[in-house]
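Structural overview
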Amino acid sequence: MRVLETVRELHALADAERAAGRRIALVPTMGALHAGHLALCELARGRADRVWVSIFVNPAQFDDADDLARYPRPLASDLARCRAAGVDAVFAPPVSEIYPPGSQTFVEVTELARDLCGASRPGHFRGVCTVVLKLFTIVGPDLAYFGQKDAQQAIILRKMVDDLNVPVELRVCPTIRESDGLALSSRNQYLNAEERRRAIVLIESLRAARDRIVAGERDGTVIREMLAERIRKTPGAALDYAAVVSAETLQPLERLEGKVLLAVAVRLGPARLIDNLLLQVSDASAEETSL
Ligand code: PAJ
């Protein structure tokens, strides 16, 4: 497995792979790798000749300096995990490689980034889009893999790729969960035992809402209130948002129809956790679907 730290080396390796006719799949991450990240690598492995992982804690997407400072950076164990997963190359650059002094160009998807996580984390998606577009232009991957766990991020990146005619195929993979349903996240390690037990309120409230929709409820306000109520009743949990929105526009739905995103963000102690479910809804039926 190659480990690269500079844009120049990465660019050269990408050119060589392309010249040899190999298809590259890129899995962008911020490290602290868990089974969710590795599932993306596994899916990528089946579709490409080379699987590349980037590990970069991107300062541009953090609106809180403390959050950035304490974000875990276990590089040695990340590299071991990548090696064990059969990853071909890891790009782990220092900040100065990605944002050399004087950098002043950013990429912004406007409307889709306004609400949900965009409302509570100003500038977050601008940072995400900028770093991901840079990775795309450096590597020129055929495929890039993202998780449904960060549904708004995936929807925004699809829009960016579409709007800017970036020649890459985005694939969005299902959320990998602990056995009790908690979505895997690098931020779960901030939780103490009590908070960890309470954290299942995210998936439990989402599943209860899903069941209510499957049973016939089509009023978005009722579902939104149901999600919010359940989270508010959980000791120690502070509701950031409970959203029932169109998966295309991310705007609230009064009447549920089409592709519906149920999404929640909750603060539990030092961690801000997010989760979501997607449903395909018609008058007659509702079932879980994917992005
Ligand atoms: P990070 O949080 O490290 O996540 C990297 C990728 O793994 C994202 O596409 C995310 O959706 C996916 N992922 C995280 N948890 C998952 C889970 N439980 N199941 C499936 N996939 C999961 O998202 C980022 O980094 C950054 O914003 C990034 C895109 C790398 C840009 O800096």
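Shown above is the structure to which this text applies.
Residues numbered from 1 in each chain as written. Predicted model: local features only at pLDDT ≥ 70, side-chain atom pairs only at ≥ 80, totals over all residues. Heavy atoms only, no water.

Considering the pattern of salt bridges
- Evaluated as defined, the whole model comprises 23 salt bridges.
- Linking E194 and R197 is a salt bridge whose minimum nitrogen-to-oxygen distance equals 3.4 Å. Of the two residues, E194 and R197 are both situated in helix α9 (residues 193-198); the distance of 3 residues between them amounts to about one turn of the helix.
- Exposure remark for E194: the relative accessible area of 36% places this residue in the partly exposed category.
- E217 is the salt-bridge partner of R212, the closest N and O atoms lying 4.0 Å from each other.
- Residue classification places R212 among the partly exposed residues on the basis of a relative accessible area of 37%. (Salt bridge = Lys/Arg side-chain N within 4 Å of Asp/Glu carboxyl O. Helix = DSSP H or I, 4+ residues; strand = E, 2+ residues; numbered from the N terminus. Buried < 20%, exposed > 50% of the residue type's maximum accessible area, 1.4 Å probe, protein only.)

Some words on the site of the ligand
- Near the ligand you find 20 residues, and of these Q61, D150, Q153, I176 and L184 are the closest.
- For the ligand, an oxygen atom lies 3.0 Å from a polar atom in the backbone of M30.
- One of the backbone N or O atoms of G147 is found 2.9 Å from an oxygen atom in the ligand.
- Relative to its unbound accessible area of 630 Å², the ligand is 95% covered by the protein chains.
- For the shell around the ligand, the secondary structure elements donating two or more residues are β2 (24-29), α2 (35-45), α7 (124-139) and β5 (143-147).
- By residue class, the composition of the shell around the ligand is 10 nonpolar, 8 polar and 2 charged. (Near = heavy atom within 4 Å. Polar contact = N/O pair within 3.5 Å; in protein donor to acceptor, adjacent residues only side chain to side chain. Areas by Shrake-Rupley, 256 points an atom, 1.4 Å probe, with all protein chains shown as cover. Nonpolar A, V, L, I, M, F, W, Y, C, P; charged D, E, K, R; others polar.)

Focus: the packing of helix α1 (residues 7-19) against α7
- Taken N-terminus to C-terminus, the directions of α1 and α7 make an angle of 50 degrees; their axes are 8 Å apart at the nearest point. Our classification of the angle between α1 and α7 gives oblique. Seen from α1, the contacting residues are V7, L10, H11, A14 and R18; seen from α7, they are T137, I138 and V139.
- Broken down by class, the residue content of the contact of α1 with α7 amounts to 5 nonpolar, 2 polar and 1 charged. (Axes fitted to C-alpha atoms, helices over the stretch in contact; angles between N-to-C directions. Parallel < 35°, antiparallel > 145°, perpendicular 65-115°, else oblique. Contact = heavy atoms within 4.5 Å.)

Points about the sheet that holds β5
- Taken in spatial order, the 6 strands make up an open sheet running β1-β4-β3-β2-β5-β6, and their pairing is parallel. At either end of the open sheet lies a strand with only one pairing partner, and these are β1 (2-4) and β6 (169-173). The average angle at which neighbouring strand axes cross in this sheet is 25 degrees, direction not considered.
- Note: β2 against strand β3 (residues 50-55), 6 bridges, orientation parallel. Paired with L26 across the two strands is W52, which belongs to β3.
- Against the sheet, α7 makes contact with β2, β3, β4 (89-91), β5 and β6, and its axis sits at roughly 155 degrees relative to β2, the strand it touches most. (Pairing = 2+ DSSP bridges.)

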